[in-house]
Amino acid sequence: MKVKPPVNMHSGPIKLIFEKIVDIEPGGELVPFYHFKITKEDGTEVGHINFKVGDTNHIRQCVGHIGYEILPEFRGNSFSYLACNAIRPFVRNFYDKVILTCDPENVSSLKIIQKLNGKFLNEIMVPKHDPSYKSGSKLRRRYEWEP
């Protein structure tokens, strides 16, 4: 897991700034992840993207390998899509294919996954014991993405 990400990760007008590896105690459903800031070329932070390294049921079924959040004032500019494109080469160091997930009503994430050519796998009920369920997620759409 201690692979150092490249310094120059960018796509269009955004770049990823590696901040940290978040280690997780082994043996649970959560896995370690790489955390990056998403910034515009002028350094303005617009959000973050995480790449999770591990294959627990929680990752494969509920949250996927990639997670991102764009600050409200910057949404609608394709920054999540661009961040996924920027992180692609780094993800390929670990996986040929990863899982992307979203809630069915999250139209913005669905559009991004479609734009990335994510292949629809299925829609599942989130198990009651999963951390996602406890935070309010009851249904997830699962996609396979070849970065």
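Just above, that's the structure.
Rules of the game
Chains are numbered independently. Their residues run from 1 in the order of the written sequence. Two thresholds apply to this predicted model, a pLDDT of at least 70 for residue-level local features and 80 or more for giving and counting side-chain atom pairs, whereas whole-chain, interface and lining totals are computed over all residues. Where side-chain values are given, they derive from all heavy atoms of the structure, hydrogens and water being excluded. Exposed residues in this analysis have more than 50% of their type's maximum accessible area, buried residues have under 20%, and partly exposed residues fall in between, with area computed by a 1.4 Å probe over protein chains only. By definition, any uninterrupted DSSP run of H or I lasting at least four residues is a helix, any uninterrupted run of E lasting at least two residues is a strand, and each is numbered from the N terminus. Arc, as used here, means the arc of the directions from the helix axis to the C-beta atoms. Note on contacts: a residue pair is in contact if any heavy atoms of the two residues lie within 4.5 Å. A pair of strands is labelled paired if DSSP reports no fewer than 2 bridges between them. Think of each axis as a best-fit line through the C-alpha atoms, taken over the contacting stretch in the case of a helix, with angles from 0 to 180 degrees between the N-to-C directions. By convention in these notes, a salt bridge is any Lys or Arg side-chain nitrogen within 4 Å of a carboxyl oxygen on Asp or Glu. Every helix has an expected span of 1.5 Å times one less than the residues it contains. Side-chain atoms within 4.5 Å link the members of a nonpolar core, which is a set of buried Ala, Val, Leu, Ile, Met, Phe, Trp, Tyr and Cys residues.

Visitor: Describe helix α3 (residues 107-115), naming the residues involved and giving the relevant values.
Guide: Where α3 is concerned, the buried positions are S109, L110, I112 and I113. When α3 is viewed along its axis, its buried side chains cluster within an angular range of 160° and face the same direction. Facing away from the buried side of α3, by more than 90 degrees, are the exposed residues S108, K111 and Q114. Packing partners of the buried residues in α3 comprise β5 (66-70), α2 (79-91), β6 (98-102) and β8 (139-145). Backbone geometry just downstream of α3 places N117 in the positive-phi region, at approximately 65°.

Visitor: Requested: an account of the sheet that holds β5, with residues and values cited.
Guide: Ordered by their spatial adjacency, five strands build an open sheet running β1-β2-β3-β4-β5, and the pairing between neighbours is antiparallel. Edge strands, defined here as strands with exactly one partner in the open sheet, are β1 (9-11) and β5. Taken over all neighbouring pairs, the strand axes of this sheet differ in orientation by 25° on average, direction set aside. Sheet topology places strand β4 (residues 45-52) next to β5; five bridges connect them, and they run antiparallel. Considered in β5, the bridge of I49 is made with Y68.

Visitor: Kindly report on the pattern of salt bridges, identifying the contributing residues and their values.
Guide: A complete count under the given rule lists four salt bridges for this structure. Across the pair R140 and D103 runs a salt bridge, and its minimum N-O distance is 2.8 Å. In this pair, R140 sits in strand β8 while D103 sits in the loop between β6 and α3, placing the two residues 37 residues apart along the sequence. Residue classification places R140 among the buried positions, given a relative accessible area of 11%.

Visitor: A description of α2 should follow, citing residues and the corresponding values.
Guide: Taking 1.5 Å per residue, 13 residues should reach 18 Å; α2 reaches 18 Å between its end C-alpha atoms and fits that length. Looking only at α2, the buried set comprises F79, S80, Y81, L82, A83, C84, N85, A86, I87, R88, F90 and V91.

Visitor: So what's going on with unusual backbone geometry? Residues and values would help.
Guide: A positive phi angle, near 65°, is found at S78, a position not held by glycine. Looking at the element boundaries, S78 is found in the loop between β5 and α2.

Visitor: Before we move on, could you go through the nonpolar core and cite the residues and values that matter?
Guide: Formed by 32 residues in total, the largest nonpolar core has its most connected members in L16, I49, F51, I66 and I87. Only β2 (14-22), β3 (33-40), β4, β5, α2, β6, α3 and β8 provide two or more residues apiece to this core. Among the elements that take part in this core, α2 stands out by supplying nine residues, more than any other. When near neighbours in sequence (up to four residues on either side) are disregarded, I87 contacts M9, L16, F36, I49, F51 and I66. Judged by nonpolar contacts, the second largest core, of five residues, contains V31, I59, C62 and V126.

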